[in-house]
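# Close look at the chain arrangement
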Amino acid sequence: MKSLQASRNTNRILVYAVLGAGAILMIFPFLWMLLTSFKSAGESVQIPPTILPKHWLTDNYGRALEALPFVKLYLNTTLLILFRVLCAVAFSSAAGFAFAKLNFKGKGLLFSLVIVQMMLPSQIFIIPQYQMLAKFGLTNSLFALVFPGIVSAFGTFFLRQAYMGIPDELGEAAYLDGCTKWQTFTKVMMPLTKASMAALTIFTAVFAYADLMWPLIANTDLNKMTLSAGLSTLRGQFTTNYPILMAGSMLAMIPMVILYMVFQKQFIEGIAMTGGK
(Lines give C-alpha, C1' and ligand atoms only; values in the text may rest on other atoms or scores of the structure.)
Protein backbone atom coordinates (compact mmCIF):
# COMPACT_ATOMS: atom_id res chain seq x y z
CA MET A 1 0.00 0.00 0.00
CA LYS A 2 2.81 2.37 0.89
CA SER A 3 4.64 1.58 -2.33
CA LEU A 4 1.48 2.33 -4.34
CA GLN A 5 1.04 5.66 -2.55
CA ALA A 6 4.71 6.49 -3.10
CA SER A 7 4.36 5.66 -6.80
CA ARG A 8 1.32 7.96 -7.08
CA ASN A 9 3.18 10.78 -5.35
CA THR A 10 6.14 10.32 -7.67
CA ASN A 11 3.90 10.43 -10.74
CA ARG A 12 2.18 13.52 -9.40
CA ILE A 13 5.50 15.25 -8.82
CA LEU A 14 6.63 14.39 -12.36
CA VAL A 15 3.39 15.72 -13.83
CA TYR A 16 3.67 18.96 -11.88
CA ALA A 17 7.32 19.31 -12.90
CA VAL A 18 6.48 18.91 -16.59
CA LEU A 19 3.56 21.34 -16.32
CA GLY A 20 5.71 23.82 -14.44
CA ALA A 21 8.46 23.61 -17.06
CA GLY A 22 5.88 24.16 -19.79
CA ALA A 23 4.45 27.17 -17.94
CA ILE A 24 7.94 28.69 -17.60
CA LEU A 25 8.60 28.21 -21.32
CA MET A 26 5.32 29.95 -22.14
CA ILE A 27 5.83 32.84 -19.72
CA PHE A 28 9.52 33.48 -20.46
CA PRO A 29 9.00 35.36 -23.79
CA PHE A 30 6.53 37.73 -22.12
CA LEU A 31 8.89 38.22 -19.17
CA TRP A 32 11.78 38.89 -21.58
CA MET A 33 9.65 41.43 -23.45
CA LEU A 34 8.78 43.20 -20.19
CA LEU A 35 12.40 43.35 -19.04
CA THR A 36 13.66 44.48 -22.46
CA SER A 37 11.21 47.38 -22.41
CA PHE A 38 13.19 48.86 -19.48
CA LYS A 39 16.64 48.40 -21.08
CA SER A 40 18.69 50.74 -23.21
CA ALA A 41 19.06 50.12 -26.95
CA GLY A 42 22.64 48.93 -26.55
CA GLU A 43 21.85 46.65 -23.65
CA SER A 44 18.98 45.01 -25.56
CA VAL A 45 21.38 43.65 -28.22
CA GLN A 46 24.27 42.96 -25.89
CA ILE A 47 26.08 39.61 -26.25
CA PRO A 48 26.03 37.70 -23.99
CA PRO A 49 22.53 38.95 -23.16
CA THR A 50 21.58 40.22 -19.73
CA ILE A 51 18.27 39.29 -18.19
CA LEU A 52 17.79 42.18 -15.77
CA PRO A 53 18.45 45.73 -16.99
CA LYS A 54 21.34 47.55 -15.35
CA HIS A 55 19.32 50.76 -15.22
CA TRP A 56 15.52 50.60 -15.31
CA LEU A 57 14.51 53.09 -18.00
CA THR A 58 10.86 54.15 -18.15
CA ASP A 59 11.44 56.61 -20.99
CA ASN A 60 10.87 53.85 -23.55
CA TYR A 61 7.14 53.87 -22.83
CA GLY A 62 6.93 57.62 -23.31
CA ARG A 63 8.85 57.40 -26.59
CA ALA A 64 6.58 54.59 -27.77
CA LEU A 65 3.52 56.74 -27.02
CA GLU A 66 5.10 59.60 -28.98
CA ALA A 67 6.02 57.40 -31.96
CA LEU A 68 2.56 55.88 -32.42
CA PRO A 69 -0.98 57.32 -32.13
CA PHE A 70 -2.05 54.71 -29.57
CA VAL A 71 -5.47 56.28 -29.04
CA LYS A 72 -6.28 55.84 -32.73
CA LEU A 73 -4.77 52.35 -32.79
CA TYR A 74 -6.76 51.28 -29.73
CA LEU A 75 -9.95 52.68 -31.27
CA ASN A 76 -9.35 51.01 -34.65
CA THR A 77 -8.55 47.68 -33.01
CA THR A 78 -11.62 47.89 -30.77
CA LEU A 79 -13.91 48.67 -33.69
CA LEU A 80 -12.31 45.90 -35.76
CA ILE A 81 -12.89 43.34 -33.01
CA LEU A 82 -16.43 44.60 -32.34
CA PHE A 83 -17.64 44.47 -35.96
CA ARG A 84 -15.90 41.18 -36.74
CA VAL A 85 -17.43 39.59 -33.65
CA LEU A 86 -20.93 40.87 -34.49
CA CYS A 87 -20.71 39.69 -38.09
CA ALA A 88 -19.17 36.33 -37.20
CA VAL A 89 -21.74 35.54 -34.50
CA ALA A 90 -24.77 36.71 -36.50
CA PHE A 91 -23.95 35.15 -39.87
CA SER A 92 -22.27 32.03 -38.50
CA SER A 93 -25.18 31.33 -36.16
CA ALA A 94 -27.71 31.59 -39.00
CA ALA A 95 -25.59 29.51 -41.37
CA GLY A 96 -24.80 26.94 -38.68
CA PHE A 97 -28.49 26.52 -37.90
CA ALA A 98 -29.33 26.12 -41.59
CA PHE A 99 -26.65 23.48 -42.17
CA ALA A 100 -27.56 21.58 -39.00
CA LYS A 101 -31.37 21.67 -38.92
CA LEU A 102 -32.71 22.58 -42.38
CA ASN A 103 -32.93 20.53 -45.55
CA PHE A 104 -32.42 22.33 -48.86
CA LYS A 105 -30.90 21.65 -52.27
CA GLY A 106 -27.15 21.96 -52.46
CA LYS A 107 -26.71 21.72 -48.69
CA GLY A 108 -23.89 19.19 -48.92
CA LEU A 109 -22.10 21.11 -51.68
CA LEU A 110 -22.31 24.43 -49.86
CA PHE A 111 -21.05 22.95 -46.62
CA SER A 112 -18.20 21.32 -48.54
CA LEU A 113 -17.21 24.80 -49.74
CA VAL A 114 -17.11 25.94 -46.12
CA ILE A 115 -14.83 23.03 -45.22
CA VAL A 116 -12.59 23.72 -48.23
CA GLN A 117 -12.25 27.35 -47.19
CA MET A 118 -11.12 26.22 -43.74
CA MET A 119 -8.53 23.90 -45.30
CA LEU A 120 -6.99 26.55 -47.57
CA PRO A 121 -4.49 29.11 -46.20
CA SER A 122 -6.03 32.54 -45.76
CA GLN A 123 -3.20 34.17 -47.72
CA ILE A 124 -4.59 32.98 -51.06
CA PHE A 125 -7.69 35.15 -50.53
CA ILE A 126 -5.73 38.37 -49.97
CA ILE A 127 -5.38 39.38 -53.65
CA PRO A 128 -9.05 38.90 -54.65
CA GLN A 129 -10.24 40.56 -51.43
CA TYR A 130 -7.98 43.56 -52.04
CA GLN A 131 -9.11 43.80 -55.68
CA MET A 132 -12.75 43.84 -54.57
CA LEU A 133 -12.08 46.68 -52.11
CA ALA A 134 -9.97 48.62 -54.60
CA LYS A 135 -12.69 48.51 -57.29
CA PHE A 136 -15.18 50.01 -54.83
CA GLY A 137 -12.65 52.53 -53.48
CA LEU A 138 -12.91 51.20 -49.94
CA THR A 139 -9.22 50.68 -49.18
CA ASN A 140 -7.63 52.62 -46.33
CA SER A 141 -10.84 52.56 -44.30
CA LEU A 142 -12.34 50.83 -41.29
CA PHE A 143 -14.53 48.69 -43.56
CA ALA A 144 -11.37 47.40 -45.25
CA LEU A 145 -10.23 46.01 -41.89
CA VAL A 146 -13.55 44.31 -41.20
CA PHE A 147 -14.17 43.00 -44.73
CA PRO A 148 -12.32 39.61 -44.54
CA GLY A 149 -14.11 38.71 -41.29
CA ILE A 150 -17.69 39.45 -42.35
CA VAL A 151 -18.26 35.72 -42.94
CA SER A 152 -16.37 33.12 -40.91
CA ALA A 153 -15.99 29.57 -42.19
CA PHE A 154 -14.65 28.48 -38.82
CA GLY A 155 -17.60 30.10 -37.04
CA THR A 156 -20.08 28.41 -39.37
CA PHE A 157 -18.55 25.01 -38.75
CA PHE A 158 -18.23 25.64 -35.01
CA LEU A 159 -21.84 26.69 -34.50
CA ARG A 160 -23.12 23.97 -36.82
CA GLN A 161 -21.59 21.47 -34.42
CA ALA A 162 -23.33 23.23 -31.53
CA TYR A 163 -26.73 23.13 -33.26
CA MET A 164 -26.26 19.47 -34.16
CA GLY A 165 -25.98 18.75 -30.45
CA ILE A 166 -29.50 20.10 -29.86
CA PRO A 167 -32.25 17.46 -30.17
CA ASP A 168 -34.49 17.80 -33.24
CA GLU A 169 -37.49 17.26 -31.00
CA LEU A 170 -37.18 20.81 -29.69
CA GLY A 171 -37.59 22.25 -33.16
CA GLU A 172 -40.49 19.91 -33.88
CA ALA A 173 -42.22 20.94 -30.65
CA ALA A 174 -41.77 24.61 -31.54
CA TYR A 175 -43.26 23.95 -34.98
CA LEU A 176 -46.29 22.23 -33.43
CA ASP A 177 -46.76 25.25 -31.17
CA GLY A 178 -47.02 27.46 -34.24
CA CYS A 179 -43.48 28.83 -34.52
CA THR A 180 -42.05 29.64 -37.93
CA LYS A 181 -38.53 28.61 -38.90
CA TRP A 182 -37.25 32.07 -37.98
CA GLN A 183 -38.98 32.00 -34.59
CA THR A 184 -37.66 28.50 -33.94
CA PHE A 185 -34.16 29.75 -34.71
CA THR A 186 -34.26 32.99 -32.71
CA LYS A 187 -36.42 31.97 -29.74
CA VAL A 188 -35.67 28.27 -29.26
CA MET A 189 -32.40 27.21 -30.84
CA MET A 190 -30.16 30.27 -30.60
CA PRO A 191 -30.54 30.77 -26.81
CA LEU A 192 -29.30 27.21 -26.32
CA THR A 193 -25.98 28.01 -28.04
CA LYS A 194 -24.97 30.96 -25.85
CA ALA A 195 -21.87 29.16 -24.56
CA SER A 196 -20.76 28.33 -28.11
CA MET A 197 -21.40 31.89 -29.28
CA ALA A 198 -19.39 33.22 -26.34
CA ALA A 199 -16.52 30.90 -27.28
CA LEU A 200 -16.73 32.04 -30.92
CA THR A 201 -16.65 35.63 -29.70
CA ILE A 202 -13.39 34.98 -27.86
CA PHE A 203 -11.77 33.19 -30.79
CA THR A 204 -12.86 35.85 -33.27
CA ALA A 205 -11.55 38.62 -31.02
CA VAL A 206 -8.17 36.88 -30.65
CA PHE A 207 -7.87 36.25 -34.40
CA ALA A 208 -8.82 39.85 -35.21
CA TYR A 209 -6.40 41.27 -32.65
CA ALA A 210 -3.51 39.16 -33.98
CA ASP A 211 -4.20 39.93 -37.66
CA LEU A 212 -1.12 41.68 -39.07
CA MET A 213 -0.79 41.07 -42.80
CA TRP A 214 -4.23 42.24 -43.93
CA PRO A 215 -4.25 45.61 -42.04
CA LEU A 216 -0.83 46.40 -43.51
CA ILE A 217 -2.07 45.62 -47.03
CA ALA A 218 -5.50 47.23 -46.86
CA ASN A 219 -4.52 50.44 -45.04
CA THR A 220 -1.43 52.59 -45.52
CA ASP A 221 -2.38 55.49 -43.23
CA LEU A 222 -0.96 54.98 -39.73
CA ASN A 223 -4.13 56.46 -38.21
CA LYS A 224 -6.20 53.75 -39.95
CA MET A 225 -4.07 50.82 -38.78
CA THR A 226 -4.55 48.42 -35.88
CA LEU A 227 -2.22 47.86 -32.94
CA SER A 228 -0.34 44.96 -34.54
CA ALA A 229 0.14 46.82 -37.82
CA GLY A 230 1.13 50.03 -36.06
CA LEU A 231 3.76 48.23 -33.98
CA SER A 232 5.34 46.85 -37.13
CA THR A 233 6.20 50.42 -38.19
CA LEU A 234 8.55 50.69 -35.20
CA ARG A 235 10.81 48.13 -36.85
CA GLY A 236 13.43 49.93 -38.94
CA GLN A 237 14.85 48.78 -42.25
CA PHE A 238 18.39 48.42 -40.94
CA THR A 239 18.21 48.94 -37.18
CA THR A 240 15.45 48.57 -34.62
CA ASN A 241 15.17 50.12 -31.18
CA TYR A 242 14.00 46.98 -29.42
CA PRO A 243 13.25 48.56 -26.01
CA ILE A 244 10.78 50.99 -27.63
CA LEU A 245 9.29 48.16 -29.69
CA MET A 246 8.88 46.00 -26.57
CA ALA A 247 7.37 48.91 -24.66
CA GLY A 248 4.84 49.41 -27.44
CA SER A 249 4.11 45.69 -27.44
CA MET A 250 3.43 45.77 -23.71
CA LEU A 251 1.00 48.65 -24.20
CA ALA A 252 -0.69 46.77 -27.04
CA MET A 253 -1.18 43.69 -24.87
CA ILE A 254 -3.39 45.47 -22.37
CA PRO A 255 -6.76 45.03 -24.20
CA MET A 256 -6.34 41.29 -24.77
CA VAL A 257 -5.10 40.67 -21.23
CA ILE A 258 -8.20 42.39 -19.87
CA LEU A 259 -10.41 40.48 -22.33
CA TYR A 260 -8.89 37.16 -21.29
CA MET A 261 -9.23 37.92 -17.58
CA VAL A 262 -12.90 38.83 -17.99
CA PHE A 263 -13.83 35.91 -20.29
CA GLN A 264 -11.36 33.30 -19.06
CA LYS A 265 -14.07 30.74 -18.31
CA GLN A 266 -15.68 31.03 -21.76
CA PHE A 267 -12.27 30.88 -23.45
CA ILE A 268 -11.36 27.61 -21.72
CA GLU A 269 -14.81 26.16 -22.39
CA GLY A 270 -14.49 27.11 -26.04
CA ILE A 271 -11.19 25.23 -26.37
CA ALA A 272 -12.71 22.22 -24.62
CA MET A 273 -15.78 22.24 -26.89
CA THR A 274 -13.65 22.59 -30.01
CA GLY A 275 -11.59 19.56 -29.06
CA GLY A 276 -14.66 17.55 -28.03
CA LYS A 277 -16.52 18.20 -31.26
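Residues numbered from 1 in each chain as written. Predicted model: local features only at pLDDT ≥ 70, side-chain atom pairs only at ≥ 80, totals over all residues. Heavy atoms only, no water.

When helices and strands are tallied, the chain shows 15 helices and 0 strands. Taking 2.2 N^0.38 as the reference for a compact globule, 277 residues should give roughly 19 Å; the C-alpha atoms of the chain span a radius of gyration of 24 Å, well beyond that estimate. Counting across all 277 residues of the chain, residues that qualify as buried make up 35%. Taking the intrachain contacts of the chain between residues at least 6 apart in sequence as the baseline, contacts between residues at least 24 apart amount to 71%. When the accessible surface of the chain is split by element, carbon and sulfur atoms take 70% of a total near 17000 Å². Side-chain charges of the chain comprise 20 positive and 10 negative groups, with the mean position of each set lying 5 Å from the other. (Helix = DSSP H or I, 4+ residues; strand = E, 2+ residues; numbered from the N terminus. Rg over C-alpha atoms; globule rule 2.2 N^0.38 Å. Buried < 20%, exposed > 50% of the residue type's maximum accessible area, 1.4 Å probe, protein only. Contact = heavy atoms within 4.5 Å. Areas by Shrake-Rupley, 256 points an atom, 1.4 Å probe, with all protein chains shown as cover. Lys, Arg positive; Asp, Glu negative; His and termini not counted. Charge placed at Lys NZ, Arg CZ, Asp CG, Glu CD.)

The next point concerns the packing of aromatic side chains. By the definition in use, this model includes 17 aromatic pairs. Judged by centre distance (5.7 Å) and plane angle (20°), the rings of Phe154 and Phe158 are stacked. Linking Phe154 with Phe158, this pair stays in helix α8 (residues 153–164), spanning 4 residues, or about one helical turn. The exposure class assigned to Phe158 is buried, which follows from its relative accessible area of 7%. Here the aromatic rings of Phe154 and Phe207 are separated by 6.2 Å at their centres, their planes lie at 75°, and the arrangement is edge-to-face. Taken together, the positions of Phe154 in helix α8 and Phe207 in helix α11 (residues 194–210) put the pair 53 residues apart, joining distant regions of the chain. One aromatic cluster is present, formed by Phe97, Tyr163, Trp182 and Phe185 through successive ring pairs. Positioned above the aromatic ring of Trp32, the side-chain terminus of Lys39 is 4.4 Å from the ring centre. (Phe/Tyr/Trp six-rings, centres within 6.5 Å; stacked < 30°, edge-to-face > 60°. Lys NZ or Arg CZ within 6 Å of the ring centre and 35° of its normal.)

Here Ile47 and Pro48 are connected by a cis peptide whose omega angle stands at -5°. Inspection of the secondary structure puts Pro48 in the loop between α2 (41–44) and α3 (59–67). One non-glycine residue, Asn140, adopts positive backbone phi at about 60°. Relative to the assigned elements, Asn140 resides in the loop between α6 (126–136) and α7 (142–146). Residue Asn140 is classed as partly exposed on the basis of its relative accessible area of 25%.

When the UniProt feature table is mapped to this numbering, "transmembrane region" (unreviewed entry) covers residues 12–35, 73–97, 109–130, 142–159, 197–217 and 242–263. Split by type, residues 142–159 is 67% helix and 0% strand. Its first and last C-alpha atoms lie 27 Å apart. (UniProt positions renumbered as here; feature names shortened; annotations may be inferred.)

This part covers the packing of α11 against helix α14 (residues 242–262). In the contact formed by α11 and α14, the axes pass within 11 Å of each other and the chain directions differ by 175°. Classified by the angle between their axes, α11 and α14 sit roughly antiparallel to one another. Residues Ala205, Val206 and Tyr209 of α11 lie in contact with α14, whose contacting residues are Ala252, Met253, Met256 and Leu259. For the contact of α11 with α14, the residue count by class is 7 nonpolar, no polar and no charged. (Axes fitted to C-alpha atoms, helices over the stretch in contact; angles between N-to-C directions. Parallel < 35°, antiparallel > 145°, perpendicular 65-115°, else oblique. Nonpolar A, V, L, I, M, F, W, Y, C, P; charged D, E, K, R; others polar.)

A few words on the packing of helix α4 (residues 70–101) against α14. Put simply, α4 and α14 touch, their axes get as near as 11 Å, and they point 35° apart. Helix-helix and strand crossings are classified by hand; for α4 and α14 the assignment is right-handed. Mapping the contact onto sequence places Phe70, Tyr74 and Ile81 in α4 and Gly248, Leu251, Ala252, Ile254, Pro255 and Met256 in α14. Classifying every residue of the contact of α4 with α14 by side-chain character gives 8 nonpolar, 1 polar and no charged. (Left-handed = near helix turned anticlockwise from the far one by under 90°.)

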